[in-house]
Amino acid sequence: MDWDARYSAGDTPWEKGAPAPPLLEWLAQCAAADLPAGHILVPGCGLGHDVRALVAIQPAARVVGLDLSAEALRQARAFPKTGNEAYLLGDFLALPEPLHGRYDWVFEHTCFCAIDPARRADYATAACAALRPGGRLLAIFYLNPWDANEPLPPGGGPPFGVSVDELDALFARDFQLIEAHRPTRAYPGREGRELLRVLQKKS
Ligand SMILES: C[S@@+](CC[C@H](N)C(=O)[O-])C[C@H]1O[C@@H](n2cnc3c(N)ncnc32)[C@H](O)[C@@H]1O
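Presented here is a report on the structure given in the accompanying data block. (Residues numbered from 1 in each chain as written. Predicted model: local features only at pLDDT ≥ 70, side-chain atom pairs only at ≥ 80, totals over all residues.)

1. Re the overall build of the chain
For clarity, the threshold we go by: Per the convention used, a helix needs a DSSP run of H or I reaching at least four residues, while a strand needs a run of E reaching at least two, with both numbered from the N terminus. Computation of the radius of gyration draws on C-alpha atoms alone. For the globule rule, the value is 2.2 Å times the number of residues to the power 0.38. Buried, partly exposed and exposed are defined by the number of other C-beta atoms within 10 Å of a residue's own C-beta, namely 20 or more, between the two limits, and 12 or fewer respectively, with C-beta atoms placed from the backbone.
The helix and strand tally for the chain stands at 6 helices and 7 strands. Reading the chain from its N terminus to its C terminus gives the helix and strand order α-α-β-α-β-α-β-β-α-β-α-β-β. The C-alpha atoms of the chain give 16 Å as radius of gyration, which agrees with the globular expectation for 203 residues (17 Å, within 12%). Its C-alpha atoms give the chain principal-axis dimensions of roughly 45 × 40 × 35 Å. Counting the 203 residues in the chain, one finds 38% classified as buried.

Right under this line is the structure:
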């Protein structure tokens, strides 16, 4: 997938113009002391709606959106600044060394489902590498993007679905599962298809 070409052409059906509803739902019910804080990384941030939602609720946090696409980041930077957000061009699967061990939180939303399933172990490794010991991965996983009766795109995605068993296997080595639930709120068409998990990096 040439993500930059898709953004340049405006061919971005995943782009909803608003933060992920399950993120907003989770933030709204979260005790203040448990909110993501400190340094937060959002890989595959696209136009940065989730980045700005995190900054809006936690103005003291340093939230960095990382994306492969220069055009997505150009559009993200064109939004009025919310607070301490910043955007960085880069490949999460080849995480730049200065970002290792830097983050208190990583927020996942539609980056995992965008990458080649053969590279999922690399995704889990990158999430672990980005976090400090004890840091947390807050993830909204897109479990089943396609209906059984729907024709799959060539190659099967993106977005690529994932099973709960596969998620368990991928993250068990480096992370402890803290919380899991099916969000109530979703973008239209994603109802019942997502799983929110909070995973803590093992010390
Ligand atoms: C389906 S889009 C979702 C964007 C955004 N999270 C949203 O919900 O609008 C996937 C995004 O991940 C980015 N991406 C894909 N692979 C990446 C990688 N290895 N590192 C960083 N960003 C990546 C793409 O450029 C794209 O912006």
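2. Focus on the sheet that holds strand E2 (residues 62-67)
This is how it is decided: When DSSP finds at least two bridges between two strands, those strands are taken to pair. Each axis is a line fitted through C-alpha atoms, taken for helices only over the stretch in contact, and angles between the N-to-C directions span 0 to 180 degrees.
Strand order in the open sheet formed by 7 strands is E3-E2-E1-E4-E5-E7-E6, and the pairing between neighbours is mixed. Both outer strands of the open sheet, strand E3 (86-89) and strand E6 (175-181), are each paired with one neighbouring strand and no more. Neighbouring strand axes in the sheet, compared pairwise and without regard to direction, differ in orientation by 20° on average. With 2 bridges joining them, strand E1 (residues 39-43) and strand E4 (residues 103-109) adopt parallel strand pairing. Looking across to E4, one finds that Ile40 is bridged to Trp105.

3. Concerning the environment of His39
Heads up, the rule is: Here contacts are defined at the residue level, using C-beta atoms placed from the backbone and a cut-off of 7 Å between them.
Among the secondary structure elements, His39 is positioned in strand E1. Among the residues examined, His39 registers 20 C-beta atoms within 10 Å and is labelled buried. Considered as a pair, His39 and Met1 are 38 residues apart in the sequence and their alpha carbons are 29 Å apart. Every residue in contact with His39, bar those within four places of it in the chain, is listed here: Arg62, Arg102, Tyr103 and Asp104.

4. Considerations on the site of the ligand
What counts is decided by this rule: Whether a residue is near a molecule or strand depends on its C-beta atom, placed from the backbone, lying within 6 Å of it. Residue polarity follows a fixed list, in which Ala, Val, Leu, Ile, Met, Phe, Trp, Tyr, Cys and Pro are nonpolar, Asp, Glu, Lys and Arg are charged, and the others, Gly among them, are polar.
As a structural note, the neighbourhood of the ligand is formed by 20 residues, with Trp3, Gly44, Gly46, Phe92 and Ala114 the closest of them. Classifying every residue of the shell around the ligand by side-chain character gives 12 nonpolar, 5 polar and 3 charged.

5. Description of the environment of Val51
In this structure, Val51 sits in helix H3 (residues 49-57). In this structure, the C-alpha to C-alpha distance between Val51 and Val64, residues 13 residues apart in sequence, is 7.1 Å. With sequence-adjacent residues up to four places away left out, Val51 is seen in contact with Val42, Cys45, Val63, Gly65 and Glu85.

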